[in-house]
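As a plain string of letters, each chain reads:
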Amino acid sequence: MSDLKVLVVEDDALIGMLLAEMLEDMGFSVCAIAATEDDAVAEARRCKPGLMIVDEQLREGNGSSAVRRILSSGSVPCVFISGAPIRSGPSAKKVLRKPFADRDLLSAIRDVVAGKEDAPHANAGSLRAETIRTPG
């Protein structure tokens, strides 16, 4: 699992760098940090990530829309991070509420990579799984 290339989508530069550092400390390779919806789509095309960590609320666009556009080219496991509830999205997904601990992020990554987006977690206070599906 640690050989996955990870795309981080986060509009706050400091949080993006901290996430990248956290992921690299876990043994992952961060291929890019994108700050906008359009940049996320472009970076996904360029680096073809095996995993995405996506903030829902971006200054330009939003995480769900970016993921929807990226997934039109193929499946990529995704963990959403947000300080606010996410009410719509492209598919079933894991939502990690800010702030979160590195062990919660690693657990969420393991679940999405294994295809267990709806798996319950012991630490329900900081990690909440939501199944969100679009019509159609």
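Relevant structure appears above.
As the structure is a prediction and not an experimental result, all values here were calculated from the model. (Residues numbered from 1 in each chain as written. Predicted model: local features only at pLDDT ≥ 70, side-chain atom pairs only at ≥ 80, totals over all residues. Heavy atoms only, no water.)

A few points about a negative patch on the surface
Taken together, Glu21, Glu24, Asp25 and Asp102 make up a surface patch of like negative charges. When residues in the negative patch are grouped by element, the largest group, three residues, is from helix H1 (residues 13-25). Structurally, Asp102 can be placed in helix H4 (residues 102-113). (Patch = residues over 30% accessible without salt bridge, like charges linked within 9 Å, V, L, I, M, F, W, Y side chains within 5 Å. Areas by Shrake-Rupley, 256 points an atom, 1.4 Å probe, with all protein chains shown as cover. Salt bridge = Lys/Arg side-chain N within 4 Å of Asp/Glu carboxyl O. Lys, Arg positive; Asp, Glu negative; His and termini not counted. Charge placed at Lys NZ, Arg CZ, Asp CG, Glu CD. Helix = DSSP H or I, 4+ residues; strand = E, 2+ residues; numbered from the N terminus.)

Considerations on unusual backbone geometry
In the segment running from Lys98 into Pro99, the intervening peptide bond is cis, with an omega of -10 degrees. With respect to the helices and strands, the residue Pro99 is situated in the loop between strand S5 (93-97) and H4. For Lys48, which is not glycine, the phi torsion reads 45 degrees and is therefore positive.

Section: helix H3 (residues 63-71)
Here H3 has its buried residues at Gly63, Ser64, Ser65, Ala66, Val67 and Ile70. Sitting at the amino-terminal end of H3 is Asn62, which places a side-chain oxygen 3.1 Å from the backbone nitrogen of Ser64. (Buried < 20%, exposed > 50% of the residue type's maximum accessible area, 1.4 Å probe, protein only. Polar contact = N/O pair within 3.5 Å; in protein donor to acceptor, adjacent residues only side chain to side chain.)

Considering the nonpolar core
Formed by 19 residues in total, the largest nonpolar core has its most connected members in Leu7, Met52, Val54 and Ile70. Looking at this core element by element, the count peaks at four residues for helix H2 (residues 37-47). When near neighbours in sequence (up to four residues on either side) are disregarded, Val54 contacts Val9, Gly63, Val67, Cys78, Val79, Phe80 and Ile81. Ala20, Leu23, Val79 and Val112 belong to the second-largest nonpolar core, a separate cluster that totals 18 residues. (Core = buried A, V, L, I, M, F, W, Y, C linked by side-chain atoms within 4.5 Å. Contact = heavy atoms within 4.5 Å.)

Structural notes on the pairing of strand S2 (residues 29-34)
With five bridges connecting them, strand S1 (residues 5-9) and S2 associate as parallel partners. Bridge pairing links Val8 to Ile33 in S2. For the handedness criterion, the β-α-β arrangement of S1, H1 and S2 is classed as right-handed. (Pairing = 2+ DSSP bridges. Right-handed = clockwise from strand over helix to strand, strands pointing away.)

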